[in-house]
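Listed here are the chains, written in short residue letters.
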Amino acid sequence: MEGAPPPASPAGLSAYVAVSQLLGLTLLATTGAWLGRYRGGVAWHGHLQFNVHPLCMVLGMVFLQGDALLVYRVFRHEAKRSTKVLHALLHGLALVIALVGIVAVFESHRTKGIPDMYSLHSWCGMAAFVLYLLQWLLGCGFFLLPGASFSLRSRYKPQHVFFGIALFALSIATCLLGITEMLLFNISDSYSHFVPEGVLANTLGVLLVAFGLVVGYVLTWDDWKRPPLAEELALSMDFKTLTEGESPGGGSQ
């Protein structure tokens, strides 16, 4: 009915989304506290340039990527096109910030004479970024730009959803590897003695896992999936008719 208020969100969804945002902001604050209190802070030039890397990767590849995945759960009653655009923009912003973090670590290594791409963390990190970029390009090509047929979009959508969640998990795992690597490089002699820096960094790791679990739970709970609006069903049928040559009743023209 026109003018009627939109249906309420399913029970529990708002609470889980709120918890995810609280965890996300807390892990960003914890990252900043670790780098500021124990690693000297963040700067683009000089010996602090390396610290740009963990800050950007946590912000881009974890927090913003997670929020981009939640868009279809949070904005359940907005126009599908607007939701798609917001989803793509958040992922795009995450990629840009992650790219800044990657440039920072390569520049820092070059300045200090440290070799690149030899650790498991760097392998997983580069794989996550390249696959994330590919996922974003394919998503824009299939779902935002004209040209892909209805059947092609339908076949690709399950792959897009699966790899979206898989890349989010890979990003968190890579961050955990990076935290451990950074601690072993800087406080290997005292790490086992529960020094404050080690405890804080471990806490950051736990927050990353918790954020990933809450986001993953919201994404995989079937009752919280975004229901298609009535006008979207009609447009989907019209699009299928135009691209597949089928009538709304399913017969060939």
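This text goes with the structure placed above it.
The structure displayed is predicted, hence computed values, not measured ones. (Residues numbered from 1 in each chain as written. Predicted model: local features only at pLDDT ≥ 70, side-chain atom pairs only at ≥ 80, totals over all residues. Heavy atoms only, no water.)

(A) Here's a closer look at the side chain of Ser171. Looking at the element boundaries, Ser171 is found in helix 5 (residues 150-187). Apart from the residues within four sequence positions on either side, Ser171 is in contact with Met61, Gln65 and Ala128. (Helix = DSSP H or I, 4+ residues; strand = E, 2+ residues; numbered from the N terminus. Contact = heavy atoms within 4.5 Å.)

(B) Structural view of the nonpolar core. Ranked by internal contacts, the top residues of the largest apolar core, which has 47 residues, are Leu27, Trp34, Val62, Phe168, Ile179, Leu208 and Phe211. Only helix 1 (13-38), helix 2 (52-74), helix 3 (80-112), helix 4 (120-144), helix 5 and helix 6 (196-220) provide two or more residues apiece to this core. With residues up to four places along the chain from it excluded, the contact list for Leu208 reads Leu27, Val58, Val62, Ile172, Cys175, Leu176 and Ile179. (Core = buried A, V, L, I, M, F, W, Y, C linked by side-chain atoms within 4.5 Å. Buried < 20%, exposed > 50% of the residue type's maximum accessible area, 1.4 Å probe, protein only.)

(C) Looking closely at the pattern of salt bridges. The final tally for this structure, using the stated rule, is three salt bridges. Two residues, Arg110 and Glu107, come together in a salt bridge whose shortest N-O distance is 2.7 Å. With Arg110 and Glu107 both in helix 3, this residue pair falls three residues apart, about one helical turn. According to the relative accessible area criterion, Arg110 is exposed, its value standing at 56%. (Salt bridge = Lys/Arg side-chain N within 4 Å of Asp/Glu carboxyl O.)

(D) The arrangement of the side chain of His160 in detail. Mapped onto the elements, His160 comes out in helix 5. When its relative accessible area of 16% is taken as the criterion, His160 is described as buried. In this view, His160 contacts His87, Gln135, Gly139 and Phe143; residues no more than four positions away in its chain are not counted.

(E) Structural detail: the packing of aromatic side chains. Enumeration over the complete set of coordinates arrives at eleven aromatic pairs. Within the aromatic cluster, the residues linked to one another by ring pairs are Tyr16, Tyr217, Trp221 and Trp224. Above the ring of Tyr38, the side-chain terminus of Arg37 is found at 5.0 Å from the ring centroid. (Phe/Tyr/Trp six-rings, centres within 6.5 Å; stacked < 30°, edge-to-face > 60°. Lys NZ or Arg CZ within 6 Å of the ring centre and 35° of its normal.)

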